[in-house]
Amino acid sequence: MRIALATLLVTGALSAAADAAEPLEYVALGDSYAAAPLVPPPDPAAPLCVRSLAGYPRVAAEALGARLTDVSCSAATVGHLSGSPYPGTPPQYDALTPGTDLVSVTIGGNDTGLFDEALRCVNILPPPLGTSCAERNTAGGTDRVAARIDAWAPVFAGVLDEITRRAPNAEIFVVGYGNYFRADGCHPVQPFWKQDANHLQGAVDHLSDALRRMAEAHGAAFVDTYTLGIGHDTCAAPADRYIEGVAPTSPAAPLHPNAAGARAIGGALAAAVRAGVA
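Residues numbered from 1 in each chain as written. Predicted model: local features only at pLDDT ≥ 70, side-chain atom pairs only at ≥ 80, totals over all residues. Heavy atoms only, no water.

### What to know about the overall build of the protein
Then step 1. Across its full length, the protein holds nine helices and five strands.
Then step 2. Reading the protein from its N terminus to its C terminus gives the helix and strand order α-β-α-α-β-α-β-α-α-α-β-α-β-α.
Then step 3. For the C-alpha atoms alone, the extent of the protein along its principal axes is close to 90 × 35 × 35 Å.
Then step 4. Going through the 278 residues of the protein one by one, you find that 46% of them count as buried.
Then step 5. Residue pairs at least 24 apart in sequence account for 70% of intrachain contacts in the protein once pairs closer than 6 positions are excluded.
Then step 6. As presented, the protein carries roughly 12,600 Å² of accessible surface, and 62% of it is formed by carbon and sulfur atoms.
Then step 7. Between the mean site of the 17 positive side-chain charges and the mean site of the 27 negative ones, the protein shows a separation of 1 Å. (Helix = DSSP H or I, 4+ residues; strand = E, 2+ residues; numbered from the N terminus. Buried < 20%, exposed > 50% of the residue type's maximum accessible area, 1.4 Å probe, protein only. Contact = heavy atoms within 4.5 Å. Areas by Shrake-Rupley, 256 points an atom, 1.4 Å probe, with all protein chains shown as cover. Lys, Arg positive; Asp, Glu negative; His and termini not counted. Charge placed at Lys NZ, Arg CZ, Asp CG, Glu CD.)

Listed below in structure tokens is the structure:
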């Protein structure tokens, strides 16, 4: 009887050790901020999503020893979490299961039109030879971009609820958008007048703040990528940038993280995961 009991105890201990050694099942959801389009090498499994094998989810997964399912996709909106963005590309939510341990998500930039807004703010020539998008968007005393973000925030709350429903055992990490412009920008290095650079970064910050508030209200963790980008914005020297400018100087899509940025963001996410499960 004692031998049998000892055998059971040893077997149980070995089983628990095996379970503890199992890698985290990690699913990465989101848009091009996560997909890192044009950062080499490309992911051959997702040519239409223009997803990189060097985006922040891959960096975090390697740091954590996690088993990654990356379904992030360039140009993704919340609608593409539940619906297919392209023929043959399943909805991102389909990657979630009760066995998922970890989920990261960056979404909202396309839903709120921030990238399109940035393109409308480009001014190659100095003032007054053009129009200010900041003045246009705040005419009448209301910041229409901020209002659009506020109206969208409850939609993201629904995203977090759906992730929890599909992956009830997962820890959720919301990764915010980063540091694109330093105060007053750097025209003409980046073709945005100072008031417009401030307006755009303010909009990015407003979106990240909305993501943070919704994350905190729904039991998810928020990963700040603004602070780690200080000194590495689009105005920095090309070798120091984490986010590329309108005309990229290293392989990456305009106004998106480059390889160095993806490494920094992935490292921050991995550190947040370790802190959260400690």
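Right, picking up where we left off after that structure.
### Section: helix H8 (residues 194-217)
Then step 1. The end-to-end C-alpha distance of H8 is 34 Å, a good match for the 34 Å that 24 residues give at a rise of 1.5 Å each.
Then step 2. Residue Gly219 follows H8 closely and has a positive phi angle near 75°. (Expected span 1.5 Å × (residues − 1).)

### Some points on the sheet that holds strand E2 (residues 67-70)
Then step 1. Ordered by their spatial adjacency, five strands build an open sheet running E2-E1-E3-E4-E5, and the pairing between neighbours is parallel. Each having just a single partner strand, E2 and strand E5 (221-223) make up the two edges of the open sheet. Within this sheet the neighbouring strands show an average axis-to-axis angle of 20°, counted without direction.
Then step 2. Contacting strand E1 (25-30), strand E3 (102-106) and strand E4 (171-175), helix H7 (residues 144-166) crosses the sheet at an angle of about 150° to E4.
Then step 3. The strands touched by H8 are E4 and E5; relative to E5, the strand with the most contacts, the crossing angle is about 160°. (Pairing = 2+ DSSP bridges. Axes fitted to C-alpha atoms, helices over the stretch in contact; angles between N-to-C directions.)

### Comments concerning the environment of Val78
Then step 1. Inspection of the secondary structure assignment puts Val78 in the loop between E2 and helix H4 (79-82).
Then step 2. You can call Val78 buried: its relative accessible area is 14%.
Then step 3. Val78 sits 113 residues away from Pro191 along the chain, and the two C-alpha atoms are 30 Å apart.
Then step 4. With residues near it in sequence (within four places) discarded, Val78 still touches Ile107, Asp111, Trp152, Val155 and Val159.

### Quick look at the state of the cysteines
Then step 1. Using the criterion set out here, one finds three disulfides in the structure.
Then step 2. Here Cys121 engages in a disulfide with Cys133; their sulfurs sit 2.0 Å apart. On the sign convention where negative is left-handed, the bridge of Cys121 and Cys133, at about 105° about the S-S bond, is right-handed. Residue Cys121 is found in the loop between helix H5 (114-120) and helix H6 (133-138), and its partner Cys133 is found in helix H6; the two are separated by 12 residues along the sequence.
Then step 3. In this structure Cys133 comes out as buried when scored by relative accessible area, which is 0%.
Then step 4. Numbered in order of appearance, the disulfide-bonded cysteines of the protein are paired 1-2, 3-4, 5-6. (Disulfide = S-S within 2.5 Å.)

### Overview of a nonpolar patch on the surface
Then step 1. Residues Ile124, Leu125 and Leu129 make up a contiguous nonpolar surface patch of roughly 330 Å² in combined accessible area.
Then step 2. As for its position among the elements, Leu125 is in the loop between H5 and H6. (Patch = residues over 30% accessible without salt bridge, like charges linked within 9 Å, V, L, I, M, F, W, Y side chains within 5 Å. Salt bridge = Lys/Arg side-chain N within 4 Å of Asp/Glu carboxyl O.)

### Overview of the side chain of Asp70
Then step 1. With respect to the helices, strands and loops of the structure, Asp70 is situated in strand E2.
Then step 2. In this structure the side chain of Asp70 is engaged in a polar contact, spanning 2.7 Å, whose partner is the side chain of Ser72.
Then step 3. In contact with Asp70, not counting residues within four places along its chain, are Ala28, Arg51, Ser52 and Pro57. (Polar contact = N/O pair within 3.5 Å; in protein donor to acceptor, adjacent residues only side chain to side chain.)

### Side note on H7
Since one α-helical turn is 3.6 residues long, residues separated by three or four positions face the same way.
Then step 1. Helix length check: H7, at 23 residues, gives a terminal C-alpha distance of 34 Å against a target of 33 Å (1.5 Å per residue), a fit within 8%.
Then step 2. Within H7, burial applies to Val145, Ala146, Ile149, Trp152, Ala153, Phe156, Ala157, Val159, Leu160, Glu162 and Ile163.
Then step 3. Sitting at the head of H7, Asp143 places a side-chain oxygen 3.1 Å from the backbone nitrogen of Val145.

### Considering the packing of H7 against H8
For any two helices packed against each other, the geometry comes down to the angle between their axes and how far apart the axes lie.
Then step 1. The contact between H7 and H8 brings their axes to 9 Å, and the two run at 30°. The orientation of H7 relative to H8 falls into the category roughly parallel. Relative to H8, H7 is oriented so that their crossing is right-handed. Residues Val145, Ala146, Ile149, Asp150, Trp152, Ala153, Phe156, Ala157 and Leu160 of H7 form the contact with H8, whose participating residues are His199, Ala203, His206, Leu207, Ala210, Leu211, Arg213, Met214 and Ala215.
Then step 2. In terms of residue class, the contact of H7 with H8 is made up of 14 nonpolar, two polar and two charged. (Parallel < 35°, antiparallel > 145°, perpendicular 65-115°, else oblique. Left-handed = near helix turned anticlockwise from the far one by under 90°. Nonpolar A, V, L, I, M, F, W, Y, C, P; charged D, E, K, R; others polar.)

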